[in-house]
Amino acid sequence: MNARREEWRAADPRVEQSGATREERPRFARIRAMPGEGPTALISAVTVALVIAIWWLASGRAWVPPLFLPSPAAVLGAFNDAWHGRIQGGLPLVDHLIASTTRVLGAFALAVIIGIPAGILMGVSRIARAVLDPLVEFYRPLPPLAYLPLVVIWFGIDETAKIIVIFLACFAPIAMSARAGTRGATVEQIHAAQSMGATRWQLVWHVIVPAALPDILVGLRIAVGFGWTTLVAAEMVAATSGLGQMVLNASSFLRTDVVIMGIVSIGAIAWIFDFAMRLLERKLVPWKGK
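Thresholds, definitions, all that
- Residues numbered from 1 in each chain as written.
- Predicted model: local features only at pLDDT ≥ 70, side-chain atom pairs only at ≥ 80, totals over all residues.
- Heavy atoms only, no water.
- Core = buried A, V, L, I, M, F, W, Y, C linked by side-chain atoms within 4.5 Å.
- Buried < 20%, exposed > 50% of the residue type's maximum accessible area, 1.4 Å probe, protein only.
- Helix = DSSP H or I, 4+ residues; strand = E, 2+ residues; numbered from the N terminus.
- Contact = heavy atoms within 4.5 Å.
- Patch = residues over 30% accessible without salt bridge, like charges linked within 9 Å, V, L, I, M, F, W, Y side chains within 5 Å.
- Areas by Shrake-Rupley, 256 points an atom, 1.4 Å probe, with all protein chains shown as cover.
- Salt bridge = Lys/Arg side-chain N within 4 Å of Asp/Glu carboxyl O.
- Axes fitted to C-alpha atoms, helices over the stretch in contact; angles between N-to-C directions.
- Parallel < 35°, antiparallel > 145°, perpendicular 65-115°, else oblique.
- Left-handed = near helix turned anticlockwise from the far one by under 90°.
- Nonpolar A, V, L, I, M, F, W, Y, C, P; charged D, E, K, R; others polar.
- pLDDT = per-residue confidence, 0-100.

## Section: the nonpolar core
One broad trend across soluble globular proteins is that nonpolar side chains are buried collectively.
Okay, step 1: Counting 60 residues, the largest nonpolar core has F171, W228 and M261 as the members making the most contacts within it.
Okay, step 2: Those elements that place two or more of their residues in this core are α4 (72-83), α5 (93-124), α6 (126-139), α7 (144-155), α8 (159-181), α10 (200-234), α11 (243-252) and α12 (256-284).
Okay, step 3: When residues in this core are grouped by element, the largest group, 14 residues, is from α10.
Okay, step 4: Not counting the four nearest positions on each side in its chain, F171 is found in contact with A111, I114, G115, A118, V136 and Y139.

## With respect to a nonpolar patch on the surface
Okay, step 1: Nonpolar side chains collect at one region of the surface, where F79, W83, V94 and I98 lie side by side and expose about 360 Å² of accessible area between them.
Okay, step 2: Put simply, the parts of the chain that give the nonpolar patch at least two residues each are α4 and α5.
Okay, step 3: Inspection of the secondary structure puts V94 in helix α5.
Okay, step 4: Given a relative accessible area of 31%, V94 falls into the partly exposed group.

## Observations regarding the pattern of salt bridges
Opposite charge on two side chains lets them pair, provided their charged atoms get close.
Okay, step 1: One pass over the structure, following the stated rule, counts nine salt bridges.
Okay, step 2: For E235, the salt bridge identified is with R103, shortest N-O distance 2.7 Å. Linking E235 in the loop between α10 and α11 with R103 in helix α5, this pair joins segments that are 132 residues apart in sequence. Considered together, E235 and R103 belong to a single accessibility category, that of buried residues.
Okay, step 3: Of the charged contacts in the structure, one is a salt bridge between D274 and R278, with a shortest N-O distance of 3.3 Å. Residue D274 and its partner R278 are located together in helix α12, separated by four residues, close to a single helical turn.
Okay, step 4: Under the relative-accessibility criterion, D274 is labelled buried at 18%.
Okay, step 5: Of the residues examined, R278 reaches a relative accessible area of 27% and is grouped as partly exposed.
Okay, step 6: Via salt bridges that share partners, R221, D274, R278 and E281 belong to a single interconnected network.

## Structural notes on the packing of α5 against α6
Okay, step 1: Running from N to C, α5 and α6 cross one another at 125°; their axes reach a closest spacing of 5 Å. If you check the angle between α5 and α6, you find them oblique. In this structure, α5 crosses over α6, and the sense of that crossing is left-handed. Contact with α5, carried on its side by A118, L121, M122, G123 and V124, involves R126, A128, R129, L132 and D133 of α6 and no other residues of that element.
Okay, step 2: A breakdown of the residues in the contact of α5 with α6 according to their chemical character gives six nonpolar, one polar and three charged.

## Digging into the confidence of the model for the protein
As a general rule, the predicted coordinates of low-pLDDT regions are not to be interpreted in detail.
Okay, step 1: Scored by pLDDT, the protein comes out at a mean of 82, with 84% of its residues at no less than 70.
Okay, step 2: Between residues 11-16, whose pLDDT stays under 50, and residues either more than four places distant or in other chains, the model counts seven contacts.

Spelled out as structure tokens, the structure:
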């Protein structure tokens, strides 16, 4: 115990700077990292490798029939066939990737342009909150398949309906996170800006928006995930290309290898988008959590 106390005192410069004798020095605790902090890349890599090994073993020993769980080699073969356009209509995998990414990015960009101002407006205006909040809260819990037929009736079966369905899935989390983020500005910050003569617009732009930025970026990450989740539902509507359409067609023909390949492709692209959002978050709000 005495050795540990000496270690704590030696690790804390305040002990030596205090000028007190060893008996008079206060007791200092060791400064530890926040719970959950630290590198995780190695653990994640080991987890992924373990899952693939179990998958390979289960399929190789035929613990699960190939119809339900094809081997990793079969999935890689399906990926190679899809890349060269040897499945489902002859479209190469790149065309499916471009079609799906364009739909998700277009709808996501539209949701960002409309959702962030709407959320901030709900946070700073009681009239806007009274008008928009019931509408957003009403449709937010609805699954996309619930309002998909209505969107098709109103907007047809072309690209507009697909983008609107994905837009609705992305809009709610962006608007709600922006609204919640407006509460991030402290009363002291608002009073300081007002004491320096800031107008209402300057108060919103220079105080409230920067304070809301961490919550907005979290909402953007959630919205990207919702967009890719809704992609399959959106591409059910007379789509001739796209990863969701490819997965749906493959399920009709019991091509489980193609289904898993499509799922892995969607997950990989969604992970890349989320990783980019995390890098953007570190750049725009480096003070978060500090």
